[in-house]
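Chains, contacts and geometry: an overview
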Number of protein chains: 2
Amino acid sequence: MKLVNAEIITVGDEILYGQILDTNSQWISKELDAIGIKAIRKTTVPDVEADILESFEQAGNRADIILITGGLGPTSDDLTKPCLASFFDCELILSKPALKDLQKIFDKLGREITETNRQQAYLPEKCTMISNRVGTASGMWFQENGKVYVSMPGVPHEMKIMMTEQILPKLQSVFQTPVIYHKLIKTIGIGESWLADKISSWEHQLPDHIKLAYMPGLGEVRLRLTAIGKDLVRLQEDVADQVKRLQLLAGEFIYGFDKDTLPMVIGRSLTSKGLTISTAESCSGGSVAKSLTSTSGSSRYFTGSVIAYHNRIKETLLGVKPETLINFGAVSEETVIEMAENVRTNLKTDIGLATSGIAGPDGGSEEKPVGTIWVACADHQKTVTKKLSLYKDRCANIELTTQAVLNLLRQRLAEMDGEKA
Amino acid sequence: MKLVNAEIITVGDEILYGQILDTNSQWISKELDAIGIKAIRKTTVPDVEADILESFEQAGNRADIILITGGLGPTSDDLTKPCLASFFDCELILSKPALKDLQKIFDKLGREITETNRQQAYLPEKCTMISNRVGTASGMWFQENGKVYVSMPGVPHEMKIMMTEQILPKLQSVFQTPVIYHKLIKTIGIGESWLADKISSWEHQLPDHIKLAYMPGLGEVRLRLTAIGKDLVRLQEDVADQVKRLQLLAGEFIYGFDKDTLPMVIGRSLTSKGLTISTAESCSGGSVAKSLTSTSGSSRYFTGSVIAYHNRIKETLLGVKPETLINFGAVSEETVIEMAENVRTNLKTDIGLATSGIAGPDGGSEEKPVGTIWVACADHQKTVTKKLSLYKDRCANIELTTQAVLNLLRQRLAEMDGEKA
C-alpha cells in the first residue's frame, strides 16, 4: 500500500545561520510517522520570498502534504503569509475568527491590540484559519488539487498544540492512511548496548509486520514497536504479546509505556498507595521537585521540598547533624541519609528523597571528583541509597541525578507491591 | 559584496522519520557563518538514489558550496558515494591513501580489514580524498566549474574533526570570504510586536551593512544584528554604536547579550553586589531554584529554597499566617508577599523570591482561572509583586512563571544600581 507523503519546510534565517536548533521538524516527523504519513524531505529556507516560493513549488511536485513552520510573526522579516497568498494567487483579507482569537489573547493581557498585531488577523482568502490559543499567529490550511499546505508558527509549543489538537486529526480525515500501531516501551537504568544484548533473542523473533527502533536519550532508552497492517485490534494484540515476551527479559528496567513519564508513573503509584512525598535537594537544586510537580494532580502526593544548597540550611531546616557534615562532608552517604529521613519527618510525608553531590564543572577534589553524587530514598521501613559517578557536564549531572533518585523510588515502590502480594 | 553561498544536504531515512535529531547541520551552519559563508538552504533526503541526485542537482543550481553528510557507511543502504560517482560521471576506483587510513584504523583495533570495509576505500575517480582519522569512511572533495561538493560521514564527531581540520581551511583558501560579525540582544518582558513598534525608528535607520532579525522564544525575544564587511574591529564598533542607540529605546527590556542567560546575568549581578538569595515556591514547584542553580558558581549566592505545595508547609516552614490563607487564599498577592518576605528572613538571605498560582490544567475557578499566578521579590528595602494571567498549558505556565519572577528580580537589581548611582 502506497503511503501518503509529506514534506516539512522550515522558514527562517536563524536556523540557516545555526542560531537556533530546529527541533520542530523532528517532532513533526515523529507525529506523521505515528499516523502512517511518510516524511520524504525536509527543507530549511531563508527569509527570502523567491526561496520560500521555490520550496513551495518543488515540495508540491513531490508530496501530498506540505507542512510549513515559521515566518508568521508580525515583523517585516516574516514572509510566509504573503508568500502563501501569492503562491495560491489570492488576497490577504481580515479573518473575523483570527481577530477574535487575537482579541481573546489581548483581553487576557489586559492590553489594546496594536496595529502590528492587527495585521496578523489578515489571512490569505483561500485558506481555512487554524486557531492558535496560545499565541498571536493563526495557522493556515490550504487544500487544492488533492494537495494540502499547512502553515504553522515556529514557536515550538504553539506549533505542537496546533498539530496535536487540529492538524493531525484533520490530515487523518482527509487522507486514507494505513493502520499503524506504535508502542513505546520506556526503560531506565540500563545502557543501549547492554539492553540490545539482553533482548537480541527477542528482537530476532519479531514478526515481519512489527519493526523495532531504539531511541536512546539522556539516562533512558526507549524502544518503539511499529506494527503496520489493516486491523488495529489485531495489531494491538500482536504487539501486546511481544511486550509480554520482552518483559520476561528486561521487565525490571521498564518503567512505562507510550506517553508515560517517570514522574507520571511514580505519581500514579503514590496515589494508588495513598502515599505522600517530599524532597531534600542539594546538588539537584530543585530539579527533583520540579520533575515531580511537572504532572498535573501532583499536589495530591507532593507536599513540598527543602532545597539546601548551603550547609546552614541542611542543619536548620533539615536537621542534619553538624558532626555528620564535619566528619563525612556534605557529599556523603551519611549526609544524604539524614537529609532523606529528616525531610520525611519534618514535612510529615511517607517518603523522603534526597540528593547531595558535586554537579560541577568546578568544585571537585581528589577523593570526591566532579560528578560524585549520592541519592537516597527513605520510607517508614527503610532507607535505600545509591552512589553515582557522573561527568563534568553540570546540566547532564543534574538531570541524571534527578532520574537516579526517581528510579530509586520507583524500584522501592515496586518492592512494596511485592511485599503486599 | 556578494557572499559565497552554501547548501547543506543531509542523507538518511532515520532523520526523516524523526528517529535522530539532526544536530550536524546546525553545527555546520555556525562554522560557515563564522567564516562568512552564507548557508542558504538545508535539505534532508531519504536513502533513495533519485532523491539524492535531485538534491545534488538543485543545490548546485543555487549554491557555490554543497556540503553533504551521511550515507557513507559500508552497508547497502548507504548511497551517497555511488550517487556522487554517477553525478560526476566517473568510476569508483581504489584510493591508496584511503586504504592506508583504513589500515591504520584496523591496526589500532588489532583486526583484519573485512571485505565490506575494504569497499570503503573505493572512491569516485574525480574526487580528492579527505582523510578520516577517527572512522572508516573517507570524506570526498569535488571541484568542477567553480562549484565545490564535499561529502562527509554523518557521525557527528567524525564530521566535526574533518570540517575543522581540513574542509573549513580549504574552503577559505578556495573562496574569498568577507568578515561577518553577529550580536545577539536578549529581551524579556515585552512581546515581539510591542518591541517591533517600540524600536521601528531604530530599525529603519540601520545602515545597509547591518541586518536585524527577530528570534522570538517562549517568554523572550532575541534580536540578532549581523554586520558584514572587511574589517572586524570596524564592524564591532558599528554594532556597538547601534546597540547603544537601541538601549535608549528598549534598554529596560534587554537582559543580556550573546551567550547570556537570565540566571547567568542575575548571578553576576548578585555576586558583584555580594547579595544572597532564596526562593519560596508553590506553583513553580522548584523551577526557579533549578533555574538559579543551572549556572556553575551559583552556590556563592543561592542559599536554598522552600517548595511549599501544601498549605501546611506554607505555614510551618514559611510562616504564612493561617488567616492570610483563609481570607485571601494561597493564590493571592498577600500570600506571595508573606512567602517572599519570610523565606528571606528564615533562610537569612538578602533577597527572597516567591511564586503562587494555578499552573493547571485543572484546579481553576471563576474568580481565579487556571493560569492565575502571583510572583514576588522581597529585599531589605521593599517587596515588589506581579500578577500573571497565563494559559492552560502547565509546562508553559511553570516556565513563564519562572521567567517572570527572575525578571522581577532583574528589574529590582537594576533599580538598586540606580539608587547607588
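Cut-offs and rules
Residues numbered from 1 in each chain as written. Chains lettered and ligands numbered in written order. Predicted model: local features only at pLDDT ≥ 70, side-chain atom pairs only at ≥ 80, totals over all residues. Heavy atoms only, no water. Contact = heavy atoms within 4.5 Å. Buried area = accessible area lost by both parts, 1.4 Å probe. Salt bridge = Lys/Arg side-chain N within 4 Å of Asp/Glu carboxyl O. Polar contact = N/O pair within 3.5 Å; in protein donor to acceptor, adjacent residues only side chain to side chain. Nonpolar A, V, L, I, M, F, W, Y, C, P; charged D, E, K, R; others polar. Pairing = 2+ DSSP bridges. Helix = DSSP H or I, 4+ residues; strand = E, 2+ residues; numbered from the N terminus. Buried < 20%, exposed > 50% of the residue type's maximum accessible area, 1.4 Å probe, protein only. Core = buried A, V, L, I, M, F, W, Y, C linked by side-chain atoms within 4.5 Å. Axes fitted to C-alpha atoms, helices over the stretch in contact; angles between N-to-C directions. Parallel < 35°, antiparallel > 145°, perpendicular 65-115°, else oblique. Left-handed = near helix turned anticlockwise from the far one by under 90°. 1 Å grid on protein atoms, 1.4 Å probe; cavity = no way out; pocket = protein on both sides within 12 Å on 5 of 7 lines; lining within 4 Å. Points joined across faces, edges and corners; volume = space filled by probe spheres on them. Phe/Tyr/Trp six-rings, centres within 6.5 Å; stacked < 30°, edge-to-face > 60°. Lys NZ or Arg CZ within 6 Å of the ring centre and 35° of its normal. Right-handed = clockwise from strand over helix to strand, strands pointing away.

**Observations concerning the interface of chain A and chain B**
Taken together, the contacts link 79 residues of chain A with 79 residues of chain B. With both sides pooled, the region where chain A packs onto chain B buries about 6500 Å², and carbon together with sulfur makes up 55% of that total. Counting across the interface, chain A meets chain B through six salt bridges. One salt bridge connects E54 of chain B with R62 of chain A, and the closest N-O pair in it is separated by 3.3 Å. Joining chain A to chain B, the criterion identifies 39 residue pairs in polar contact (both at pLDDT 80 or more). A class-by-class count of the residues in the side of chain A that touches chain B yields 26 nonpolar, 30 polar and 23 charged. Pairing analysis gives three bridges linking strand 2 (residues 37-45) of chain A to strand 2 (residues 37-45) of chain B, with the strands arranged antiparallel. Within strand 2 of chain B, the residue paired with K42 of chain A across the bridge is T44 of chain B.

**Focus: helix 4 (residues 80-87) of chain A**
All of the buried residues in helix 4 of chain A are T80, K81, C83, L84 and A85 of chain A. D89 of chain A sits one or two positions beyond helix 4 of chain A and adopts a positive phi of about 50°.

**A few points about the pattern of salt bridges**
Counted by the stated rule, this structure contains 35 salt bridges over all chains. Where K126 of chain A meets E144 of chain A, a salt bridge forms, and the shortest distance between an N and an O atom there is 3.6 Å. Taken together, the positions of K126 of chain A in the loop between strand 5 (122-124) and strand 6 (128-130) and E144 of chain A in strand 7 (residues 139-144) put the pair 18 residues apart, joining distant regions of the chain. Overall, the relative accessible area of 44% leaves K126 of chain A in the partly exposed class. Among the ionic contacts, a cluster of salt bridges with common partners joins E7, R41 and R62 of chain A together with D51 and E54 of chain B.

**A look at the nonpolar core**
Within the largest apolar cluster, 65 residues are counted, with the highest numbers of intra-cluster contacts made by I277, I351 and L353 of chain A together with I277, I351 and L353 of chain B. With 49 residues, the next largest nonpolar core counts A59, I66 and M140 of chain A together with L225 of chain B among its residues.

**Topic: the packing of helix 2 (residues 24-34) of chain B against helix 7 (residues 156-174) of chain B**
Residue and element names in this part refer to chain B. Between helix 2 and helix 7, the least distance of the axes is 11 Å, while the angle of their chain directions is 25°. Classed by the angle they form, the pair helix 2 and helix 7 counts as roughly parallel. Crossing of helix 2 against helix 7: the hand is right-handed. From helix 2, N24, W27, I28, E31 and L32 reach across to helix 7, where they touch P156, M159, K160, M163, T164, L168 and L171. Of the residues that constitute the contact of helix 2 with helix 7, the class distribution is eight nonpolar, two polar and two charged.

**Comments concerning empty space enclosed by the protein**
All chains considered together, the criterion is met by three cavities of 30 Å³ or more. The space that makes up the largest cavity amounts to roughly 200 Å³. Looking at the lining of the largest cavity, the elements that each hand over two or more residues are strand 1 (4-11), helix 2 (24-34) and strand 2 of chain A together with helix 2 and strand 2 of chain B. Its residues assigned to classes, the lining of the largest cavity shows six nonpolar, 10 polar and four charged. The calculated volume of the second largest cavity comes to roughly 90 Å³. Around the second largest cavity, the lining comprises 15 residues; the ones closest to its centre are T43 and Q58 of chain A together with T43, Q58 and R62 of chain B. Going through the elements one at a time, strand 2 and helix 3 (49-62) of chain A together with strand 1 (4-11), strand 2 and helix 3 (49-62) of chain B are the ones with two or more residues in the lining of the second largest cavity. The residue makeup of the lining of the second largest cavity, split by class, is three nonpolar, six polar and six charged.

**Looking at the packing of aromatic side chains**
Applying the stated criterion to the full structure yields 15 aromatic pairs over all chains. Between F106 of chain A and W194 of chain B the ring centres are 5.3 Å apart and the planes differ by 45°, which places this aromatic pair in the tilted class. Here the residue F106 of chain A occupies a position in helix 5 (residues 96-109), and W194 of chain B occupies one in helix 8 (residues 192-204), the pair thus bridging two chains. The pair formed by F106 of chain A and W194 of chain B is uniform in burial state, with each residue classed as buried. On the basis of an interplanar angle of 50° and a centroid distance of 5.3 Å, the ring pair of F87 of chain B and Y149 of chain B is categorised as tilted. Here Y149 of chain B lies in strand 8 (residues 147-152) and F87 of chain B lies in helix 4 (residues 80-87), a separation of 62 residues in the sequence. What makes F87 of chain B partly exposed here is its relative accessible area of 23%. Grouped by ring-pair contacts, the aromatic residues F56, F87, F88, F142 and Y149 of chain A constitute a single cluster. Its end group placed over the ring of W194 of chain B, R111 of chain A keeps NZ or CZ at 4.7 Å from the ring centre.

**Digging into the packing of helix 8 (residues 192-204) of chain A against helix 9 (residues 232-250) of chain A**
Relative orientation and spacing of two packed helices are given, respectively, by the angle between their axes and the distance between those axes. Residues and elements named next belong to chain A. In the contact formed by helix 8 and helix 9, the axes pass within 10 Å of each other and the chain directions differ by 135°. Accordingly, the angle class assigned to the pair helix 8 and helix 9 is oblique. Crossing hand, helix 8 versus helix 9: right-handed. Residues L195, K198, I199, S201 and W202 of helix 8 form the contact with helix 9, whose participating residues are Q242, R245, L246, L249 and A250. Taken together, the residues that form the contact of helix 8 with helix 9 break down as six nonpolar, two polar and two charged.

**Some thoughts on the pairing of strand 14 (residues 302-308) of chain B**
A regular strand places its side chains so that they alternate between the two faces of the sheet. Counting buried positions along strand 14 of chain B gives seven out of seven residues, so the element sits mostly inside the fold. Looking at chain direction, strand 14 (residues 302-308) of chain A and strand 14 of chain B are connected through five bridges and run antiparallel. The partner of S305 of chain A across the bridge, within strand 14 of chain B, is I307 of chain B. Examined bridge by bridge, strand 13 (residues 277-281) of chain B and strand 14 of chain B share five bridges and lie parallel to one another. Opposite T279 of chain B, over in strand 14 of chain B, you have S305 of chain B as the bridge partner. Following the chain from strand 13 of chain B across helix 11 (residues 287-292) of chain B to the adjacent parallel strand 14 of chain B, one finds a crossover that is right-handed.

**Let's talk about unusual backbone geometry**
All names here are of chain A. Of note, the amide linkage connecting G360 to P361 takes the cis form, showing an omega dihedral of 0°. Within the fold, P361 resides in the loop between strand 15 (351-357) and strand 16 (372-378). Although it is not a glycine, N145 adopts a positive phi angle of roughly 45°. Within the fold, N145 resides in the loop between strand 7 and strand 8 (147-152). By relative accessible area, which is 74% here, N145 ends up exposed. With a phi close to 55°, K348 is a non-glycine residue in the positive phi region. Considering the arrangement of structural elements, one finds K348 in the loop between helix 14 (333-346) and strand 15.

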